[in-house]
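One letter stands for each residue in the lines below.
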Amino acid sequence: MTRGLSWRNFDFILLGAIVLASSFGTAMIRSAVAGNEVLQPLITRQVYFALLGVFLIFLVASVDYRYWLALYRPIYFGIMIFLVTLTGFGQSAFGAQRWFQVGVLFLQPTEFAKIVAIIILARYFEVVRNQPRDLKWAIGAILWASGIIIMILLQPNLSNVLLLSVILAVMLWVNGVQIKHVLASVLIGVIAVVSLVSLSVLGVKIPFLQAYQQERIVNFVVPDPNDTYGNRYNVQQALIAVGTGGVFGQGYGHGTQTQLRFLKVRHTDFIFAASAEEFGMVGGCADHCHARRDRLALYSCCAKGA
């Protein structure tokens, strides 16, 4: 089961990227919640979870990846049970059921589902590695991932559905999907997006999308210029924050939109806008790259068995 950690082969650059991203994220949360006593505990919580994450990295790295692949069926069905149960017993927030509350902790099965999806797809590609890269080969991978994707879509959690779709596409590409299948998928995707946007603008109810999701599409494509304090308020404040940051920013803890609380949910959904305001375009780009690298690093560890 375990293989022992080999420091010679351990990827310290990958670990360093994760630690750097976590440290920067914690610092930005501290700045974003400054002066708000209710949100102050989030800083300590972030530190605890970051330390727990580093511990889990070493724990997972010490387990032979072939052990996880051997358990792909119970792992897959286990996460499916969690996702199904989440629909009826999950903690609701912002119109979606995405969390289980266990004491003071909020567990989001979707985050584990991404790792499970990588394990399942890795197992599939290992089994079919000698088969021709035809349409049947590609559909097989899509079917394995579709169960998890559909359950997450029902929460609804469209952002993570898109992220899982990207993971699927990348793993298909790495394993040799044919260019003609890629082009066909891009064409179908463009048609689907255009149809989705058109129906939303026309006010047609789309079954698998919530009303607020369709409103976001409409506000993005054809925004109402008079809707100053309505659905576009957060987006406008975020744009102002990014714009005032300029190239090098206003300085850590000195962002006016962030510190004066014009920027809402600045410690979560709009943390990028807060980073761009205080560290400018340079810091905002670094923050974006580190955040993506942090997630991709964790998924990469699982895909490669660390």
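So, how was this worked out
Residues numbered from 1 in each chain as written. Predicted model: local features only at pLDDT ≥ 70, side-chain atom pairs only at ≥ 80, totals over all residues. Heavy atoms only, no water. Helix = DSSP H or I, 4+ residues; strand = E, 2+ residues; numbered from the N terminus. Contact = heavy atoms within 4.5 Å. Expected span 1.5 Å × (residues − 1). Buried < 20%, exposed > 50% of the residue type's maximum accessible area, 1.4 Å probe, protein only. Salt bridge = Lys/Arg side-chain N within 4 Å of Asp/Glu carboxyl O. Axes fitted to C-alpha atoms, helices over the stretch in contact; angles between N-to-C directions. Parallel < 35°, antiparallel > 145°, perpendicular 65-115°, else oblique. Nonpolar A, V, L, I, M, F, W, Y, C, P; charged D, E, K, R; others polar.

## A closer look at the side chain of N160
Thought 1: Inspection of the secondary structure assignment puts N160 in helix α7 (residues 158-174).
Thought 2: Ignoring anything within four residues of it in the chain, the contact list for N160 reads Q108, T110, E111, K114 and I152.

## Overview of helix α5 (residues 109-127)
Owing to its 3.6 residues per turn, the α-helix aligns residues three or four sequence positions apart on the same side.
Thought 1: Between its first and last C-alpha, α5 extends 27 Å over 19 residues, near the 27 Å set by a 1.5 Å rise per residue.
Thought 2: Within α5, the full set of buried residues consists of P109, T110, A113, K114, V116, A117, I118, I119, I120, L121, Y124 and F125.

## What about the pattern of salt bridges?
Thought 1: Overall, the coordinates contain two salt bridges when judged by the stated rule.
Thought 2: Close ionic contact of E126 with R123 constitutes a salt bridge, the shortest N to O distance being 3.6 Å. Note that E126 and R123 are positioned in helix α5 at a spacing of three residues, about one turn of the helix.
Thought 3: We classify R123 as partly exposed; its relative accessible area is 26%.

## Regarding the environment of A145
Thought 1: Examined against the element boundaries, A145 turns out to sit in helix α6 (residues 135-153).
Thought 2: A relative accessible area of 8% places A145 in the buried class.
Thought 3: Distance in space between the C-alpha atoms of A145 and L168 is 7.3 Å, their sequence separation being 23 residues.
Thought 4: If near-sequence neighbours (up to four positions away) are discounted, A145 is found in contact with L121 and L168.

## Looking at the packing of helix α1 (residues 12-32) against helix α2 (residues 41-61)
Thought 1: Interaxial distance between α1 and α2 falls to 9 Å at its minimum, and their mutual angle equals 170°. Regarding the angle of α1 to α2, the classification is roughly antiparallel. Judged by residue contacts, L15, I18, V19, S22, T26, I29 and R30 of α1 engage L42, I43, Q46, V47, A50, V54, I57 and F58 from α2.
Thought 2: A class-by-class count of the residues in the contact of α1 with α2 yields 11 nonpolar, three polar and one charged.

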